[in-house]
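Below are the chains, spelled out letter by letter.
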Amino acid sequence: VGVFLRLSPAATLAALLVWGIIFGITRTVSLGSMIATLLLPVFVWAFDVYVAHTPQPVWLPKVIWALVIGGVIIARHYDNIRNLINRTEYKFK
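Rules behind the numbers
Residues numbered from 1 in each chain as written. Predicted model: local features only at pLDDT ≥ 70, side-chain atom pairs only at ≥ 80, totals over all residues. Heavy atoms only, no water. Core = buried A, V, L, I, M, F, W, Y, C linked by side-chain atoms within 4.5 Å. Buried < 20%, exposed > 50% of the residue type's maximum accessible area, 1.4 Å probe, protein only. Helix = DSSP H or I, 4+ residues; strand = E, 2+ residues; numbered from the N terminus. Contact = heavy atoms within 4.5 Å. 1 Å grid on protein atoms, 1.4 Å probe; cavity = no way out; pocket = protein on both sides within 12 Å on 5 of 7 lines; lining within 4 Å. Points joined across faces, edges and corners; volume = space filled by probe spheres on them. Nonpolar A, V, L, I, M, F, W, Y, C, P; charged D, E, K, R; others polar. Axes fitted to C-alpha atoms, helices over the stretch in contact; angles between N-to-C directions. Parallel < 35°, antiparallel > 145°, perpendicular 65-115°, else oblique. Salt bridge = Lys/Arg side-chain N within 4 Å of Asp/Glu carboxyl O. Phe/Tyr/Trp six-rings, centres within 6.5 Å; stacked < 30°, edge-to-face > 60°.

Asker: Whenever I open this one, the nonpolar core confuses me. Can you help?
Answerer: In summary, soluble globular proteins display a tendency toward joint burial of nonpolar side chains. One finds Phe-4, Ala-11, Ala-15, Leu-40, Phe-43 and Val-44 to be the most contacted residues of the largest nonpolar core, which totals 13 residues. Sorting the residues of this core by element identifies helix 2 (9-26), helix 3 (29-51) and helix 4 (56-76) as the ones contributing at least two each. Here this core takes five residues from helix 2, the largest share from any one element. When neighbours within four sequence positions are excluded, Ala-15 is seen to be in contact with Ala-36, Leu-40 and Phe-43.

Asker: What is the right way to look at the layout of surface pockets in this model?
Answerer: If a probe the size of a water molecule is rolled over the atoms, the empty space left behind becomes visible. In this structure, the largest pocket encloses a volume near 310 Å³. In terms of lining, the largest pocket is formed by 15 residues, of which the most central are Val-1, Ala-15, Thr-37, Leu-40 and Ile-73. Of all elements in the fold, only helix 1 (2-7), helix 2, helix 3 and helix 4 reach the threshold of two or more residues within the lining of the largest pocket. Partitioned by chemical class, the residues of the lining of the largest pocket number 11 nonpolar, four polar and no charged.

Asker: What's the story with the packing of helix 3 against helix 4 in this structure? I'm lost.
Answerer: Packed helix pairs are characterised by how far apart their axes lie and by the angle those axes make with each other. Helix 4 packs onto helix 3 with a crossing angle of 180 degrees between their chain directions and a minimal axis gap of 9 Å. Judged on the interaxial angle alone, helix 4 and helix 3 are roughly antiparallel. Each of Met-34, Thr-37, Leu-38, Leu-40, Pro-41, Val-44, Trp-45, Asp-48 and Val-49 in helix 3 lies in contact with helix 4, whose residues at this interface are Trp-59, Lys-62, Val-63, Ala-66, Leu-67, Gly-70, Ile-73 and Ile-74. Residues that form the contact of helix 3 with helix 4 fall into these classes: 13 nonpolar, two polar and two charged.

Asker: Explanation requested: the pattern of salt bridges in the structure shown.
Answerer: Pairing between side chains of opposite charge can happen when the charged atoms of each approach one another. Inspection of the entire model under this criterion finds two salt bridges. Lys-62 is paired through a salt bridge with Asp-48; the nearest N and O atoms lie 2.6 Å apart. In this pair, Lys-62 sits in helix 4 while Asp-48 sits in helix 3, placing the two residues 14 residues apart along the sequence. For the salt bridge of Asp-79 with Arg-82, the shortest nitrogen-to-oxygen distance reads 3.2 Å. Separated by three residues within a single helix, Asp-79 and Arg-82 lie in helix 5 (residues 78-85), roughly one turn from each other. According to the relative accessible area criterion, Asp-79 is partly exposed, its value standing at 42%. Under the relative-accessibility criterion, Arg-82 is labelled partly exposed at 38%.

Asker: Explain the packing of aromatic side chains here, please?
Answerer: Given two aromatic rings, their pairing is described by the distance between the two centres and the angle made by the two planes. For the structure on display, the rule yields four aromatic pairs. Aromatic side chains Phe-23 and Phe-92 sit 5.6 Å apart centroid to centroid with 75 degrees between the ring planes, which places their arrangement in the edge-to-face category. Residue Phe-23 is located in helix 2, and its partner Phe-92 is located in the segment after helix 5; the two are separated by 69 residues in the primary sequence. Here Phe-23 falls in the buried class, since its relative accessible area comes to 15%.

Pasting the structure below:
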């Protein structure tokens, strides 16, 4: 999160907002984290292209980096995904 706050602060804040909404609705940290992670590359692209009008050589590496890091984060959530499917994932009360 810290790296992307520097690279694309608006996109990161949007992803954190999504995390907060998902967590607020489901009370499940892992689900919010995975959905926010999946949306971060979309937010980076959208904010850099449509809001900041950043040229492609600048925004494309950030989007690729968000996809790579997102893939690692999703892979690390393998047990959480299995628990979500089995409906055994921990929820905050």
